[in-house]
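# A look at the structure
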Amino acid sequence: DRWIEFKDDATFESGGGPQGANSGSYRVDNQQNTLHIDSNAGEGDDSNWRIQFREDLLYMRGIGSNRQEMTTVISQRVVD
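A short tour of the structure in this document, coming up. Bear in mind the structure is a predicted one, so any value in this text is a computation, not a measurement. (Residues numbered from 1 in each chain as written. Predicted model: local features only at pLDDT ≥ 70, side-chain atom pairs only at ≥ 80, totals over all residues. Heavy atoms only, no water.)

### Observations concerning the environment of Ser47
By secondary structure assignment, the location of Ser47 is in strand S5 (residues 47-54). For Ser47, a relative accessible area of 16% translates into the label buried. In sequence terms Ser47 and Ile37 are ten residues apart; their C-alpha atoms lie 5.2 Å from each other. Other than its neighbours up to four places away in sequence, Ser47 contacts Leu35, His36 and Ile37. Here the side chain of Ser47 touches Trp49 through a polar contact of 2.8 Å, side chain to side chain. (Helix = DSSP H or I, 4+ residues; strand = E, 2+ residues; numbered from the N terminus. Buried < 20%, exposed > 50% of the residue type's maximum accessible area, 1.4 Å probe, protein only. Contact = heavy atoms within 4.5 Å. Polar contact = N/O pair within 3.5 Å; in protein donor to acceptor, adjacent residues only side chain to side chain.)

### Some points on the environment of Ile4
Within the secondary structure, Ile4 is located in strand S1 (residues 3-6). With 18 residues separating them along the chain, Ile4 and Asn22 place their C-alpha atoms 8.9 Å apart. The contact partners of Ile4, leaving out residues within four places of it in the chain, are Phe12, Glu13, Ser14 and Ile37.

Below is the structure:
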């Protein structure tokens, strides 16, 4: 039940359980296939991801510590 919306102006909003609402900015490096999320919740909530698209799915694998690198988030695109 968690969701994230990446907007054209390089900002994002997310929500759902268990973390609740969040927002901030993001940056994509198409050469490295990485995503940096700069959360308004503070520096400790920022994150870096390796990204890959498959059809309407976005695969995000954490970059950094062992714990982060063991984390994979799969999101499905929803069109309004």
